[in-house]
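Survey of secondary and tertiary structure
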Amino acid sequence: MSDLSAVARSVEVPLRKALPVLKERGQREVFCGLTGIVWLHRKMQDAFFLVVGSRTCAHLMQSAAGVMIFAEPRFGTAILTDRDLAGLADAGDELDRICVTLLERRPDITTLFLVGSCPSEVIKLDLDKAAERLNTRLLPKVRVLSYSGSGIESTFTQGEDNALKAMIPLLPHSEEKQLLVVGCVADIVEDQFRRCFDQLGIGPVSFFPARRAADLPSVGPNTVLLLAQPFNGETVRALIARGATALSAPYPLGADATTAWLAAAAAQWNVDAALFDTVTRPLVERANKGLAKYRTQLVGKKLFLMPDSQLEIPLARFLHNEMGMELIEVGTPYLDRQMVAAELALLPESTLISEGQHVEKQLDRVRAAKPDITVCGLGLANPLEAEGFTTKWSIELVFTPIQGYDQAADLAEIFARPLDRRARLKL
Ligand code: SF4
């Protein structure tokens, strides 16, 4: 039988002697925050994301999302023309017209996100004001919100943080004791976690974001936050400002971490250790069986994570602690210590963490270290492959369900697959 308090305690390890952090500033190769729309629009099925940007932004969205031309997508780009950029046309009027036309065509949309980009920020197009203006016309049928996904202000997964933060002022107040899982997870993952919480007697439970943007969870002094994604620091701090309390736990990547994550919530609900063991043991056993197959392929392999998705620290912890990989460098676009305190405490003391990026210097370190696998953005993967390095696109990690017991082996396979392919090519 597991000792629940011990499991819960293991996630409350205070940040020990600070790990060495190499801070770098220079050219960086990171997606902008627009990319978050790709998974957010799949999750919130009554929301539309309208990027106010350039053709470059539209191309990014189309290539990242792999648009199906026969489907009615729930994102699009209002392209700023030269006249808008030169201030010769009133971009605000035009934007209002586009939004109204769009919403007339799409009665299924209840929430419209206006998403700022580099061009809209450069010409100082005030999307907060545009949202306010449109709300006076469109509420209560449709709510308009705005946030920035621009590459000037945000990296990759920060787009989700900005989108969720924009929703927080709308969340109703509640005094009820409840669990709020923060961070976008695939529906299949949400369903699995809901089953676990039900079996453990933890609840009520809400997920933020929900499947419908209009289904806003409530928040208040008795709301307990369990974090599913490490990149929503601003959202979490805004929820704490509304009275909520955040649990300290590693993210649910891998079997051990999923147990610790659930245990953090179970401790708050005083779940009996025997019940916790009954519910989780079969899931742990199944996950470990799936992981064993990949552990033999990954153990001892050298891993280099370049900064991109902000998932790098939890991934490093999983791949080292559960898969036995050797960590060469763990890059992160920015180090939000509050969000990854429990993760940092579980990394080996010798781990080199780098924050920010000077891409040329970092590539030199990759070449010197000769890792077995390098996790990086799309822009770096092909050049590194051409030099003979095995890579994994970090974008796959945010598009694939990877959290929880049933996805643990899938997560390991994401790293085992390119190594296997490389080995076959060598034969
Ligand atoms: S928001 Fe900026 S970085 Fe992102 S695609 Fe548009 S122009 Fe490029």
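See the structure printed just above.
Residues numbered from 1 in each chain as written. Predicted model: local features only at pLDDT ≥ 70, side-chain atom pairs only at ≥ 80, totals over all residues.

Around the ligand, a shell composed of Cys 32, Leu 34, Gly 53, Ser 54, Thr 56, Cys 57, Leu 60, Ser 117, Cys 118, Ser 150 and Gly 151 is seen. The leading source of residues in the shell around the ligand is helix 3 (residues 55–65), at three residues. Looking at the shell around the ligand residue by residue, the classes come out as five nonpolar, six polar and no charged. (Near = placed C-beta within 6 Å. Helix = DSSP H or I, 4+ residues; strand = E, 2+ residues; numbered from the N terminus. Nonpolar A, V, L, I, M, F, W, Y, C, P; charged D, E, K, R; others polar.)

Quick look at the sheet that holds strand 11 (residues 326–332) now. Pairing within the open sheet is parallel, and its six strands lie in the order 1-12-11-10-13-14. In this open sheet, the two edge strands, each paired with only one partner strand, are strand 1 (21–24) and strand 14 (391–393). Adjacent strand axes in the sheet meet at a mean angle of 15 degrees when their direction is disregarded. Here strand 1 pairs with strand 12 (residues 353–356) via four bridges, running parallel. Each bridged residue has a counterpart across the sheet, and for Val 21 the counterpart in strand 12 is Ile 353. (Pairing = 2+ DSSP bridges. Axes fitted to C-alpha atoms, helices over the stretch in contact; angles between N-to-C directions.)

What follows deals with helix 12 (residues 273–298). Residue pairs three or four apart in sequence face the same way in an α-helix, which turns once every 3.6 residues. With 26 residues, helix 12 extends only 33 Å from end C-alpha to end C-alpha; this falls clearly short of the ideal 38 Å at 1.5 Å per step. When the local axis directions of helix 12 are compared, the greatest deviation, roughly 40 degrees, occurs at Thr 280, which is followed within four positions by the proline Pro 282. Taken from the residues just after helix 12, Gly 300 is the one with a positive phi, measuring 80 degrees. (Expected span 1.5 Å × (residues − 1). Bend = angle between axes of the 7 residues up to and from the residue.)

Attention now moves to helix 7 (residues 127–138). Taking 1.5 Å as the rise per residue, helix 7 with twelve residues should run 16 Å; its terminal C-alpha atoms sit 16 Å apart, in good agreement. Taken together, the buried positions of helix 7 are occupied by Leu 127, Ala 130, Ala 131 and Leu 134. Down the axis of helix 7, the sector holding all buried residues measures 100 degrees, keeping them to one side. Residues Lys 129, Glu 132 and Thr 136 are exposed on helix 7 and point more than 90 degrees away from its buried face. Check the buried side of helix 7 and you find it contacts strand 2 (47–53), helix 5 (91–105), strand 4 (111–116), helix 6 (118–122) and strand 5 (143–148). (Buried ≥ 20, exposed ≤ 12 C-beta atoms within 10 Å, placed from the backbone. Arc of directions from axis to C-beta. Contact = placed C-beta atoms within 7 Å.)

Just geometry here; none of it tells us what the structure is for.
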